[in-house]
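Now for the letters of each chain:
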Amino acid sequence: ILRVIIPCFPNDEQLPVTANALKATAPNIISRFSVLLRGCGVEQTNSVMKQLRASNAIRKSIAAVTAELNLPTPNEHAAVCRSLNRISPELFFRYIEVVKAFAAAESDKSRLSAARDAEKEAQAILKNGDCYCLRQLEINGSDIIAAGYDGKKTGELLNLLLDAVISGSINNEKKALLGYLPKIK
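Structure report, in brief.

Reading guide: rules and limits
- Residues numbered from 1 in each chain as written.
- Predicted model: local features only at pLDDT ≥ 70, side-chain atom pairs only at ≥ 80, totals over all residues.
- Heavy atoms only, no water.
- Disulfide = S-S within 2.5 Å.
- Buried < 20%, exposed > 50% of the residue type's maximum accessible area, 1.4 Å probe, protein only.
- Helix = DSSP H or I, 4+ residues; strand = E, 2+ residues; numbered from the N terminus.
- Expected span 1.5 Å × (residues − 1).
- Salt bridge = Lys/Arg side-chain N within 4 Å of Asp/Glu carboxyl O.
- Contact = heavy atoms within 4.5 Å.
- Axes fitted to C-alpha atoms, helices over the stretch in contact; angles between N-to-C directions.
- Parallel < 35°, antiparallel > 145°, perpendicular 65-115°, else oblique.
- Left-handed = near helix turned anticlockwise from the far one by under 90°.
- Nonpolar A, V, L, I, M, F, W, Y, C, P; charged D, E, K, R; others polar.

A short note on the state of the cysteines
Now for step 1: Inspection of every chain in the model, using the stated rule, returns 0 disulfides.
Now for step 2: Sulfur of Cys-81: no disulfide; nearest cysteine sulfur belongs to Cys-131 and is 7.7 Å away.
Now for step 3: Note on Cys-81: relative accessible area 0%, which makes it buried.

A closer look at helix α10 (residues 154-167)
Now for step 1: Taking 1.5 Å of rise per residue, the 14 residues of α10 would be expected to cover 20 Å, and the 20 Å separating its terminal C-alpha atoms lies within 8% of that figure.
Now for step 2: Burial in α10 covers these residues: Thr-154, Leu-157, Leu-158, Leu-161, Leu-162, Ala-164, Val-165 and Ile-166.
Now for step 3: Gly-168 sits one or two positions beyond α10 and adopts a positive phi of about 85°.

Some points on unusual backbone geometry
Now for step 1: Unusually for a residue other than glycine, Arg-53 sits at a positive phi of about 60°.
Now for step 2: Topologically, Arg-53 is positioned in the loop between α4 (42-51) and α5 (56-69).

Details of the pattern of salt bridges
Now for step 1: Taken as a whole and assessed by the stated rule, the structure comprises 7 salt bridges.
Now for step 2: Taking the shortest distance from any N to any O, the salt bridge between Asp-163 and Arg-82 comes out at 2.7 Å. Taken together, the positions of Asp-163 in helix α10 and Arg-82 in helix α6 (residues 77-87) put the pair 81 residues apart, joining distant regions of the chain.
Now for step 3: The shortest N-O distance in the salt bridge between Glu-106 and Arg-111 comes to 3.8 Å.

Digging into helix α7 (residues 89-105)
Now for step 1: The end-to-end C-alpha distance of α7 is 24 Å, a good match for the 24 Å that 17 residues give at a rise of 1.5 Å each.
Now for step 2: Within α7, the full set of buried residues consists of Leu-91, Phe-92, Tyr-95, Ile-96, Glu-97, Val-98, Val-99, Ala-101, Phe-102 and Ala-103.
Now for step 3: Check the buried side of α7 and you find it contacts α2 (14-23), α3 (29-36), α5, α6 and α8 (109-128).
Now for step 4: Positive phi appears at Ser-107, one or two residues downstream of α7, with a value of about 50°.

Description of the packing of α4 against α5
Now for step 1: Where α4 contacts α5, the axes come no closer than 9 Å and their chain directions differ by 150°. Looking at the two axes, α4 sits roughly antiparallel to α5. Note on packing geometry: the crossing formed by α4 with α5 is right-handed. Where α4 approaches α5, its residues Val-42, Thr-45, Asn-46, Met-49 and Lys-50 are matched on the opposing element by Ile-58, Arg-59, Ile-62, Ala-63, Thr-66 and Ala-67.
Now for step 2: Class assignment for the residues of the contact of α4 with α5 results in 6 nonpolar, 3 polar and 2 charged.

Take a look at the structure:
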């Protein structure tokens, strides 16, 4: 395993921090490998996990979490919703676990606080049933086509509507969403 993973570390200074972050991470394959492969890009992460003969599901999960680690920790409702949409609630909480582990290993109290805040916000979003993904929108592609829009643009329009709901521009109600369509056409 080390023969495959060590090339992911550009310098030896990362090893102690990574070792401490591993200690602070639950014994879960996705979390642990996300810690180990934090500095790798998606392609290198996929390559490493293929060499280790990980299943496609595990490989994709680890790649999603490590990619999310390259983004700023979400610090407000809309950013948390977008992160939940990108990687799923389950992987979001793995991602937060890894962020907290590195924050603890690096004694970064502000990052640790931001991760805890993002975790609380995600829990509230899920508890309240807030819309963060397409399947939660109160309309679907059939509704858009029935409203007279080109079927080829349905996916794009749904994503724009989702973004408007997430950002708070409109409510997630069928009538409001259909009324908003002409504004984004």
